[in-house]
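Structural features, examined
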Amino acid sequence: MQDLTNKVIWITGGTRGIGLETAKALLPLNCKLVLTSSTESAVESAKAIFANNPNVMVSKCDVADACEVADVYDEIIAKFGTIDALLNNAGIFRSSSVLKTSIDDFDDMININLKGVFLCTKAVLPRMLEAKCGVIMNTVSVVARKPFYGCSVYAASKAGVEAFANVLREEVRKSGIRVINVFPGATATEIWDPKNLEKFADAMMKTSDVATVLRDTLVQSFTSSIAVEEIQLRPINGDL
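Residues numbered from 1 in each chain as written. Predicted model: local features only at pLDDT ≥ 70, side-chain atom pairs only at ≥ 80, totals over all residues. Heavy atoms only, no water.

1. So, the nonpolar core
Formed by 35 residues in total, the largest nonpolar core has its most connected members in W10, V34, V69, I76, I83, V124 and I136. For this core, the secondary structure elements donating two or more residues are β1 (8-12), α3 (66-80), α4 (103-131), α5 (152-172) and β6 (177-184). Core analysis: the second largest hydrophobic core is formed by 30 residues, I18, L35, M205 and L218 among them. (Core = buried A, V, L, I, M, F, W, Y, C linked by side-chain atoms within 4.5 Å. Buried < 20%, exposed > 50% of the residue type's maximum accessible area, 1.4 Å probe, protein only. Helix = DSSP H or I, 4+ residues; strand = E, 2+ residues; numbered from the N terminus.)

Put into structure tokens, the structure is as follows:
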């Protein structure tokens with residue numbers, strides 16, 4: 001039987017999409033969850049979903065802001081005492097050609113998608129190293145490896161996460177910390193433009209299916225001598 005009793009799992013971007021579905025999949029396994037988002041309305045919505053469950057903490061946090069990350073980390077430690085797993089799932093996607101990509105869009109995608117992974121990872125790492133145990137799972141994207149029109153900066157941010165995590169894995173593997181990169185293909189989440197989501201949703205992966213894979217991988221990571229390093233997920237009929 002799958003069980004993660006008393007494991008504390010922090011999911012950034014945990015109030016909707018893949019993050020929220022993963023939280024729902026994990027909760028029956030007796031773990032403690034921390035869900036963060038930079039959007040106040042999404043935070044309030046998640047609080048309503050989990051109805052003040054004492055094993056679920058929902059907080060506002062901009063992962064690109066070092067002060068906010070530090071504050072939330074302190075809140076987590078005060079409430080639950082530790083962090084056993086971090087799911088770096090927060091991310092944004094804005095599609096346009098290189099010439100039409102604004103500097104603001106560049107900064108936002110790099111800061112949230114890449115810098116956010118760095119800041120959250122750096123926050124949790126000392127305790128994991130001390131405990132000689134922990135899991136850091138990163139939601140990357142197939143665009144880090146396959147070119148798609150209009151995704152240059154998004155792809156760069158995600159390729160940066162892959163490279164960062166690969167080096168991190170070598171730094172911490174002897175301390176019992178697992179670093180896992182997940183490469184999802186098109187998934188039906190709010191990251192898409194509503195028109196494209198409506199048009200292509202049936203050809204995309206379901207967030208609940210992706211969440212099941214992430215849940216099972218987390219369980220395996222705490223119960224097995226095997227270190228899963230990469231997971232690639234794609235819609236059954238291939239990329240859009």
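2. Examining the layout of surface pockets
The gaps left among the atoms become clear once a water-sized probe is rolled over them. Counted as a void, the largest pocket has a volume near 990 Å³. Surrounding the largest pocket, 42 residues form its lining, G91, F93, Y154, T189 and I191 being those nearest its centre. For the lining of the largest pocket, the elements supplying multiple residues, two or more each, are α1 (17-26), β2 (32-37) and α5. At 3 residues, α1 tops the list of elements feeding residues into the lining of the largest pocket. When the residues that make up the lining of the largest pocket are grouped by side-chain class, the tally is 19 nonpolar, 17 polar and 6 charged. (1 Å grid on protein atoms, 1.4 Å probe; cavity = no way out; pocket = protein on both sides within 12 Å on 5 of 7 lines; lining within 4 Å. Points joined across faces, edges and corners; volume = space filled by probe spheres on them. Nonpolar A, V, L, I, M, F, W, Y, C, P; charged D, E, K, R; others polar.)

3. As for the pattern of salt bridges
Throughout the structure, instances matching the rule amount to 11 salt bridges. Notably, a salt bridge pairs R94 with D108, separated by 2.7 Å at the nearest N-O pair. Of this pair, R94 sits in the loop between β4 (85-88) and α4 while D108 is found in helix α4, placing the two residues 14 residues apart along the sequence. On the basis of relative accessibility, which here comes to 28%, the residue D108 falls in the partly exposed class. With a shortest N-O distance of 2.8 Å, K146 and D239 are connected by a salt bridge. Note that K146 is positioned in the loop between β5 (134-139) and α5 and D239 in the segment after β7 (230-233), a separation of 93 residues in sequence. Through salt bridges with shared partners, a single ionic network connects R94, D105 and D108. (Salt bridge = Lys/Arg side-chain N within 4 Å of Asp/Glu carboxyl O.)

4. Regarding the environment of Q220
Structurally, Q220 can be placed in helix α7 (residues 207-223). For the pair Q220 and Q2, spaced 218 residues apart in sequence, the C-alpha separation works out to 9.0 Å. Excluding residues within four positions of it along the chain, Q220 makes contact with I226 and V228. (Contact = heavy atoms within 4.5 Å.)

5. Quick word on the packing of α4 against α5
At a closest axis distance of 8 Å, the pairing of α4 and α5 adopts a crossing angle of 15°. Classed by the angle they form, the pair α4 and α5 counts as roughly parallel. Where α4 crosses over α5, the two elements pack in a sense that is right-handed. Where α4 approaches α5, its residues F106, M109, I110, N113, L114, V117, F118, T121, L125 and L129 are matched on the opposing element by V153, Y154, S157, K158, G160, V161, F164, L168 and V172. The residue inventory of the contact of α4 with α5, partitioned by class, reads 14 nonpolar, 4 polar and 1 charged. (Axes fitted to C-alpha atoms, helices over the stretch in contact; angles between N-to-C directions. Parallel < 35°, antiparallel > 145°, perpendicular 65-115°, else oblique. Left-handed = near helix turned anticlockwise from the far one by under 90°.)

6. Examining the sheet that holds strand β3 (residues 56-60)
The strand order across the open sheet formed by 7 strands is β3-β2-β1-β4-β5-β6-β7, and the pairing between neighbours is parallel. Edge strands, defined here as strands with exactly one partner in the open sheet, are β3 and β7. Across the sheet, the mean angle separating the axes of adjacent strands is 15° when strand polarity is ignored. Of the strand pairs in this sheet, β1 and β2 are connected by 5 bridges, and their pairing is parallel. Within the sheet, the bridge partner assigned to I9 lies in β2 and is L33. Each of β1, β4, β5 and β6 touches α4; the most contacted strand, β4, lies at about 170° to it. Together, β1, β4, β5, β6 and β7 form the strand contacts of α7, whose direction differs from that of β5 by roughly 155°. (Pairing = 2+ DSSP bridges.)

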